[in-house]
Amino acid sequence: MALFNLFKKKQKEEETPEVQASRQQEVNEGFKKTKEGLFGKLARAVAGKSQVDDEVLDNLEEVLITSDVGVETTVKIIRNIEARVARDKYMNASELRSILRDEVSALLQESDSGSEDFGLELREGVPYVVMVVGVNGVGKTTTIGKLAAQLVRAGRKVYIGAADTFRAAAIDQLQVWADRAGATMIRQEMGSDPASVAYDTLRSAVANHADVVLIDTAGRLHNKVGLMNELTKIRNVMAKVIPDAPHEVMLVLDGSTGQNAFEQARQFTQATQVTSLAVTKLDGTAKGGVIIGICDQFHIPVRYIGIGEGIDQLKIFDRREFVDALFGE
């Protein structure tokens, strides 16, 4: 079974109803500002209206766009609602909340198609390699540290490669997180070849029978060609140690940046083969709607969401919990 699905399945199997309710409450709190912002705008959009008409739909379109859902995804949602209105002839404006919930649920279901089977098998004696990418400041290092802590707690032997060698502070910060998580970190001096760090990390991980390897990378995005070449070099070098490494390329995005997260996703998916997403800093922003648009536009599964500073507040993303957090009473 794929690594992250294994943890998700294990988590679900072991949880009591009380634990599930507690996790849902934590997710609710994480998206509280997004929910308040979205439905505050929605209430104003339908004020004084008894049915869904063109004016309500125009207002809803503005609500979704200003909630960072994204233009293309908003147009898709509006067209689907227009089709429902035409089919049902009369639709009460007070039902718009539940209608919107249905559309977002269907959209996330569609974008998540096939993601339950990650397509890679954990093999005995072969570390599972995750290359983590993202611009500086999105919470990449913190995400690696929190993920490492969860993996170690789940009984996995974790190695971290400090391949962002352009900033001494990044290496030192990653070391603090590795120590805190109980993971082993492989590092070199600032300015070293990032590919060399990745190579050394995988060799050490294989020799010491590690289960998982997390490779940090530089967060520069000023030159797409340079970024592509650097990430390609790291991938090629890792493949010399483990032929099919990396097994996953995880892009970390800062949810609080709204539309900037779309642009980062676009650039990184053009520069390398991104296979999963982690969206951070969602608890302090009303821009959580960005998850809807990113899932729809890029068809890359969101694996993790960051909804707080705590080491346990990097959560496995569950689309049902997300919808419940946004649309629940």
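Residues numbered from 1 in each chain as written. Predicted model: local features only at pLDDT ≥ 70, side-chain atom pairs only at ≥ 80, totals over all residues. Heavy atoms only, no water.

Named according to an unreviewed UniProt entry, the protein chain is Signal recognition particle receptor FtsY originating from Candidatus Tidjanibacter faecipullorum. On record in UniProt, under Sequence similarities (unreviewed entry), the comment for the protein chain is "Belongs to the GTP-binding SRP family. FtsY subfamily." Of the comments in the UniProt record for the protein chain, the one headed Subunit (unreviewed entry) reads "Part of the signal recognition particle protein translocation system, which is composed of SRP and FtsY." (UniProt positions renumbered as here; feature names shortened; annotations may be inferred.)

Caption draft 1: Seen up close, the nonpolar core. Membership of the largest hydrophobic core comes to 104 residues, with the highest contact counts inside it found for Phe31, Ile160, Leu214, Met238, Ile291 and Phe322. The contacts of methionine 238, once residues within four sequence positions are left out, are Val129, Met131, Ala198, Leu202, Ile215, Ala245 and Pro246. (Core = buried A, V, L, I, M, F, W, Y, C linked by side-chain atoms within 4.5 Å. Buried < 20%, exposed > 50% of the residue type's maximum accessible area, 1.4 Å probe, protein only. Contact = heavy atoms within 4.5 Å.)

Caption draft 2: Broad picture of the packing of helix 2 (residues 17-30) against helix 13 (residues 319-327). Here helix 2 crosses helix 13 at 60°, and the two axes come no closer than 9 Å. Taken together, the axis directions place helix 2 and helix 13 in an arrangement best described as oblique. Where helix 2 crosses over helix 13, the handedness of that crossing is right-handed. Within the contact between the two elements, helix 2 uses Arg23, Gln24, Val27 and Asn28 and helix 13 uses Glu321, Asp324 and Ala325. Its residues placed into classes, the contact of helix 2 with helix 13 shows 2 nonpolar, 2 polar and 3 charged. (Axes fitted to C-alpha atoms, helices over the stretch in contact; angles between N-to-C directions. Helix = DSSP H or I, 4+ residues; strand = E, 2+ residues; numbered from the N terminus. Parallel < 35°, antiparallel > 145°, perpendicular 65-115°, else oblique. Left-handed = near helix turned anticlockwise from the far one by under 90°. Nonpolar A, V, L, I, M, F, W, Y, C, P; charged D, E, K, R; others polar.)

Caption draft 3: Representation of the sheet that holds strand 8 (residues 314-316) in the model. Pairing within the open sheet is mixed, and its 8 strands lie in the order 3-2-4-1-5-6-7-8. Two strands bound the open sheet, and with one partner strand each, they are strand 3 (184-186) and strand 8. Across the sheet, the mean angle separating the axes of adjacent strands is 25° when strand polarity is ignored. Alignment of strand 7 (residues 302-306) against strand 8, held across 3 bridges, turns out to be antiparallel. Following the sheet pairing, glycine 306 is matched in strand 8 by leucine 314. Contacts from helix 9 (residues 194-207) reach strand 1 (128-133), strand 2 (158-162), strand 3 and strand 4 (212-216), with the element oriented near 165° to strand 2. (Pairing = 2+ DSSP bridges.)

Caption draft 4: Structural context of the pairing of strand 5 (residues 248-254). Taken across its 7 residues, strand 5 has 7 buried, putting it largely inside the fold. Every second residue of strand 5 is oriented toward a common face, with Glu248, Met250, Val252 and Asp254 on one face and Val249, Leu251 and Leu253 on the other, all of them buried. Looking at chain direction, strand 1 and strand 5 are connected through 4 bridges and run parallel. Directly across from valine 133, in strand 5, lies its bridge partner leucine 251. Looking at chain direction, strand 5 and strand 6 (residues 276-280) are connected through 5 bridges and run parallel. Bridging from a neighbouring strand, leucine 251 pairs with leucine 277 of strand 6. On the question of chirality, the crossover connecting strand 5 to the parallel strand 6 by way of helix 11 (residues 259-271) is right-handed. (Right-handed = clockwise from strand over helix to strand, strands pointing away.)

Caption draft 5: Spatial organisation of helix 2. Over its 14 residues, helix 2 extends 20 Å from the first C-alpha to the last, a length consistent with the 20 Å expected when each residue adds 1.5 Å. Within helix 2 the residues assigned to the buried category are Arg23, Gln24, Val27 and Gly30. All buried residues of helix 2 fall inside an arc of 115° around its axis, so they share one side. Of the exposed residues in helix 2, those oriented more than 90 degrees away from the buried face are Pro17 and Glu18. (Expected span 1.5 Å × (residues − 1). Arc of directions from axis to C-beta.)

Caption draft 6: Seen up close, helix 12 (residues 290-298). Counting buried residues along helix 12, 8 of its 9 residues qualify, which places the element largely inside the surrounding structure. What helix 12 keeps buried is the set Val290, Ile291, Ile292, Gly293, Ile294, Cys295, Asp296 and Phe298. Positive phi appears at histidine 299, one or two residues downstream of helix 12, with a value of about 50°.

Caption draft 7: Region of the structure containing the packing of helix 7 (residues 140-153) against helix 8 (residues 168-181). Relative orientation of the contacting elements helix 7 and helix 8 amounts to 15°, with a least axis distance of 8 Å. By the angle class used here, helix 7 and helix 8 are roughly parallel. Read as a crossing pair, helix 7 and helix 8 show a hand that is right-handed. Packed against helix 7, whose contacting residues are Thr141, Thr142, Ile144, Gly145, Lys146, Ala148, Ala149 and Val152, the element helix 8 presents Gln173, Leu174, Trp177 and Ala181 at the interface. Here the contact of helix 7 with helix 8 is composed, by residue class, of 7 nonpolar, 4 polar and 1 charged.

Caption draft 8: Local environment of the pattern of salt bridges. Under the counting rule described, the total for this entry stands at 13 salt bridges. Across the salt bridge formed by aspartate 216 and lysine 140, the nearest N and O atoms sit 2.8 Å from each other. Here aspartate 216 is found in strand 4, whereas its partner lysine 140 is found in helix 7, with 76 residues between them in sequence. Lysine 140 carries the same exposure label as aspartate 216, and that label is buried. (Salt bridge = Lys/Arg side-chain N within 4 Å of Asp/Glu carboxyl O.)

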